[in-house]
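Chain by chain, the residues run as shown.
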Amino acid sequence: NSNGSDIANNIWPSGSEMFNEEWDCLASRYNLEISYPLADRRLVELLLRIPVEHFRAGGLNRGLIRKAMEGILPDKIRLRNDKGWYSPGFPQILQ
């Protein structure tokens with residue numbers, strides 16, 4: 001069972017170029033702003049409060065969102081398993 005700080009340290013492993021300052025500089029050259037909505041501090045803090053086991057609700061990857069979308073998305077879409085991970089460090093979070 002991981003605690004919040006373990007999870008926070010593993011969301012984006014060191015060496016990840018996702019938040020590279022050069023990307024922001026290059027984007028600003030073209031009047032673009034790069035944003036990372038899933039890295040919003042408020043969202044990350046909320047997700048860190050949710051027990052890790054909820055993310056595998058029903059034994060499925062993305063269990064929390066799959067359960068939340070029950071009755072909203074067709075099961076064929078909601079239960080598909082051909083997508084990648086949330087982030088580069090997500091598998092380590094679940095260990």
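On a predicted model such as this, the values are computed, not experimentally measured, just so you know. (Residues numbered from 1 in each chain as written. Predicted model: local features only at pLDDT ≥ 70, side-chain atom pairs only at ≥ 80, totals over all residues. Heavy atoms only, no water.)

**Digging into the overall build of the protein**
Next up, step 1: A tally of regular secondary structure across the protein gives 6 helices and 0 strands.
Next up, step 2: When the helices and strands of the protein are read in sequence order from the N terminus, they spell out α-α-α-α-α-α.
Next up, step 3: Relative to its full complement of 95 residues, the protein shows a buried share of 15%.
Next up, step 4: Taking as baseline every contact in the protein between residues at least 6 positions apart, the subset at least 24 positions apart corresponds to 42%.
Next up, step 5: Accessible surface, the protein as shown: approximately 7600 Å² in total, 54% of it carbon and sulfur. (Helix = DSSP H or I, 4+ residues; strand = E, 2+ residues; numbered from the N terminus. Buried < 20%, exposed > 50% of the residue type's maximum accessible area, 1.4 Å probe, protein only. Contact = heavy atoms within 4.5 Å. Areas by Shrake-Rupley, 256 points an atom, 1.4 Å probe, with all protein chains shown as cover.)

**Points about the pattern of salt bridges**
Two side chains that carry opposite charge are able to pair once their charged atoms sit near each other.
Next up, step 1: Using the criterion set out here, one finds 3 salt bridges in the structure.
Next up, step 2: Of the charged contacts, one joins Arg41 and Glu45 as a salt bridge, the two residues approaching to 3.3 Å between their closest N and O atoms. Of this pair, Arg41 and Glu45 are both found in helix H3 (residues 41–49), 4 residues apart, which corresponds to roughly one turn of the helix.
Next up, step 3: With a relative accessible area of 55%, Arg41 lands in the exposed category.
Next up, step 4: Here Asp75 makes a salt bridge to Arg78, at a shortest N to O gap of 2.8 Å. Of this pair, Asp75 and Arg78 both sit in helix H5 (residues 75–78), 3 residues apart, which is roughly one turn of that helix. (Salt bridge = Lys/Arg side-chain N within 4 Å of Asp/Glu carboxyl O.)

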